[in-house]
Amino acid sequence: MNKGSIWALLPLILFVVIYFAGSFILGDFYALPVLVVFVLCLFVAFFQFPKKPFQEKLVNFALGAGNENILIMILIFLLAGAFGELSKNIGAISSTINFALTYIPPQFVISGLFLVSCFISTSLGTSVGTIVALAPIAVGLDENISGIMPIALASVIGGSMFGDNLSFISDTTIAATRTQGVGMKEKFKVNFKMVLPVAIVVMIIYAFLGNQMLHNTADMNVGDFELVKILPYIVVFILALSGLNVIWTLGIGILCAAVIGKTTGSIDFLTILKSINDGFAGMFELSILCLIIGGVVGIIRMNGGIDYLLNTVTKRINSKKRAELSIAFLVSLVNMAIANNTITIVIVGPIAKDISDENGLQGSRVASILDTISCFVQGLVPYGAQILAALAAANAVLSEEQGRELLSPIDIMQYLYYPFLMGIVAFLFILFRKEKETA
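Just so you know, these numbers come straight off a predicted model, no measurement behind them.

Q: Whenever I open this one, helix H12 (residues 246-263) confuses me. Can you help?
A: The α-helix winds at 3.6 residues per turn, so residues separated by three or four positions along the chain end up facing the same way. Under the 1.5 Å per step criterion, the end-to-end length of H12 is 26 Å for 18 residues, consistent within 8% with the ideal 26 Å. With its phi angle positive at about 75°, Gly265 sits one or two positions after the end of H12.

Q: Help me understand the nonpolar core, please; the structure alone is not making it clear to me.
A: Here is a general trend for soluble globular proteins: nonpolar side chains tend to be buried in one another's company. The biggest cluster of nonpolar side chains holds 134 residues, and the ones touching the most others in it are Phe38, Leu86, Leu153, Ile327, Leu370 and Tyr418. Per-element tally for this core: the top contributor is helix H4 (residues 68-90), with eleven residues.

Q: Could you clarify how one ought to interpret the pattern of salt bridges in this entry?
A: A side chain of one charge can pair with a side chain of the opposite charge if their charged atoms are brought near each other. According to the stated counting rule, one finds six salt bridges in the structure shown. Between Lys229 and Glu226 there is a salt bridge whose closest N-O contact spans 3.0 Å. Looking at Lys229, the relative accessible area reads 9%, which means it is buried. With its nearest N and O atoms 3.4 Å apart, the salt bridge here joins Lys353 to Asp357. On the criterion of helical spacing, the pair formed by Lys353 and Asp357 is a turn pair, its members being four residues apart in helix H17 (residues 341-359). What makes Lys353 partly exposed here is its relative accessible area of 27%.

Q: What am I meant to see in unusual backbone geometry here?
A: With glycine set apart, most residues show a phi of negative sign, and most peptide bonds adopt trans. One non-glycine residue, Phe49, adopts positive backbone phi at about 45°. Given the relative accessible area of 21%, Phe49 is considered partly exposed.

Q: For this particular structure, what's the right way to read the packing of H4 against H12?
A: Helix-helix packing is described using two parameters, namely the angle between the two axes and the distance between the axes. With their axes 9 Å apart at the nearest point, H4 and H12 run at an angle of 20° to one another. If you check the angle between H4 and H12, you find them roughly parallel. The handedness of the crossing between H4 and H12 comes out as left-handed. For the pair H4 and H12, the contacting residues are Ile72, Leu75, Ile76, Leu79, Ala80, Ala82, Phe83, Leu86, Ser87 and Ile90 in the first and Val246, Ile247, Leu250, Gly253, Ile254, Ala257, Ala258, Ile260 and Gly261 in the second. Within the contact of H4 with H12, the residues separate by chemical class into 16 nonpolar, three polar and no charged.

Q: Just checking my understanding: could you explain the packing of aromatic side chains for this structure?
A: To describe a pair of aromatic rings, you give the distance between the ring centres and the angle between the ring planes. Inspection of the entire model under this criterion finds ten aromatic pairs. Each ring, one from Tyr206 and one from Tyr417, has its centre 5.7 Å from the other, and the planes form 55°; the classification is tilted. Taken together, the residues Tyr206 in helix H10 (residues 184-213) and Tyr417 in helix H21 (residues 417-431) connect sequence positions 211 residues apart. An aromatic cluster of at least three residues, connected via ring pairs, comprises Phe114, Phe162, Tyr206, Tyr417 and Tyr418. When the ring centre of Phe49 is taken as origin, the NZ or CZ atom of Lys52, which lies over that ring, is 5.2 Å away. Cation over ring: Arg365 sits above Phe429, and NZ or CZ is 4.0 Å from the ring centre.

Q: I keep staring at a nonpolar patch on the surface and nothing clicks. Help me out?
A: Together, Phe99, Tyr103, Ile104, Phe108 and Leu227 make up an exposed nonpolar region whose accessible area comes to about 490 Å². Counting through the fold element by element, Tyr103 comes out in helix H5 (residues 92-103). Under the relative-accessibility criterion, Tyr103 is labelled exposed at 57%.

Q: What am I meant to see in the packing of helix H2 (residues 34-47) against helix H3 (residues 54-65) here?
A: Packing of H2 against H3 leaves a shortest axis separation of 9 Å and a crossing angle of 140°. The orientation of H2 relative to H3 falls into the category oblique. Each of Leu42, Ala45, Phe46 and Phe47 in H2 lies in contact with H3, whose residues at this interface are Phe54, Lys57, Leu58 and Phe61. Partitioned by chemical class, the residues of the contact of H2 with H3 number seven nonpolar, no polar and one charged.

Analysis parameters
Residues numbered from 1 in each chain as written. Predicted model: local features only at pLDDT ≥ 70, side-chain atom pairs only at ≥ 80, totals over all residues. Heavy atoms only, no water. Helix = DSSP H or I, 4+ residues; strand = E, 2+ residues; numbered from the N terminus. Expected span 1.5 Å × (residues − 1). Core = buried A, V, L, I, M, F, W, Y, C linked by side-chain atoms within 4.5 Å. Buried < 20%, exposed > 50% of the residue type's maximum accessible area, 1.4 Å probe, protein only. Salt bridge = Lys/Arg side-chain N within 4 Å of Asp/Glu carboxyl O. Axes fitted to C-alpha atoms, helices over the stretch in contact; angles between N-to-C directions. Parallel < 35°, antiparallel > 145°, perpendicular 65-115°, else oblique. Left-handed = near helix turned anticlockwise from the far one by under 90°. Contact = heavy atoms within 4.5 Å. Nonpolar A, V, L, I, M, F, W, Y, C, P; charged D, E, K, R; others polar. Phe/Tyr/Trp six-rings, centres within 6.5 Å; stacked < 30°, edge-to-face > 60°. Lys NZ or Arg CZ within 6 Å of the ring centre and 35° of its normal. Patch = residues over 30% accessible without salt bridge, like charges linked within 9 Å, V, L, I, M, F, W, Y side chains within 5 Å. Areas by Shrake-Rupley, 256 points an atom, 1.4 Å probe, with all protein chains shown as cover.

Dropping the structure here:
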């Protein structure tokens with residue numbers, strides 16, 4: 001294997017330095033536009049290794065940006081954005097919120113939102129799609145319960161990661177099982193034992209915090225709701241649970257929301273089209289960011305940066321435990337560098353398979369480690385797609401209200417208990433492994 005070059009990692013190192021240093025100096029983690037910083041890093045990648053033809057760099061940028069997983073993810077972004085915007089405009093979000101607040105004690109709203117996110121993400125197979133669909137509900141709760149937005153968004157992100165980690169139709173699950181040559185049910189059994197106790201603990205934490213935060217909200221004013229307007233969310237959930245592809249599920253959800261909006265007189269045909277377009281537009285920046293990140297990684301891979309990471313981690317392996325820790329460490333490094341868990345698994349998966357075969361590891365354990373650790377790291381990076389999607393939904397609303405400060409990643413991450421606890425459990429799972437287990 002090519003030893004690679006640490007110099008090739010400069011664009012990503014530069015991004016981390018600029019983003020964190022700039023945000024620290026400005027005192028605001030949302031002040032620096034991530035897209036602009038990444039485009040700057042792209043040009044750094046273009047200038048590196050001047051002996052290599054610029055056309056070759058452009059080709060590798062295009063190959064990276066045009067990665068199958070990235071393009072599918074962007075399509076999901078667009079459809080989920082359209083579904084979320086249209087659902088909001090027909091009154092589905094307000095009806096769902098008021099319905100929940102009518103029958104669920106306020107102190108359990110946060111843990112309830114976490115549970116709903118778990119089910120929907122398991123059904124949809126996408127954490128980002130779940131966040132885009134449910135974040136407006138979390139944001140809308142702030143109108144009834146002041147100050148709840150950050151923790152509500154954190155509960156949605158945590159729940160979405162739980163489901164995405166377990167779903168049979170998730171890109172991360174598919175990538176993890178395919179690269180390790182194991183069945184999805186095998187991986188699910190191992191994964192479920194790891195994350196279920198964590199999810200239960202997190203629900204209890206959110207219930208406790210909800211009771212502390214909301215004990216004075218028993219007499220809050222809750223608006224009316226129309227059950228028919230909640231139907232789009234129910235349809236999406238049932239279709240996804242039945243195993244229908246997330247793209248078809250969201251497409252049918254958009255059609256359902258449009259029909260309900262038109263028949264109830266909540267929205268006219270032109271407004272339906274405008275709502276769908278606005279939903280697309282709301283995802284444009286995030287979509288372009290994914291393309292740029294994928295392209296930068298493509299150039300870094302060409303220059304040997306990924307090979308350098310892989311070689312650095314796999315040098316000193318002399319036991320099964322160290323082999324699994326090396327895989328976890330490798331996943332962490334790559335995921336922190338590219339902030340995309342699916343692409344991370346695609347990159348690390350083949351190397352993890354080699355390590356697994358050489359050390360007699362259990363394939364289902366390795367697949368579970370790949371998926372779980374990558375989700376854990378996504379909760380650590382403030383520039384990950386999940387947190388960016390939640391921030392986009394929140395700040396789109398806050399920017400329209402005078403005198404309201406925009407949320408930063410730290411505002412949400414301080415309540416993001418699920419990925420942190422999941423990471424701890426995952427490392428304990430490795431450290432206390434049974435050495436008699438074989439592949």
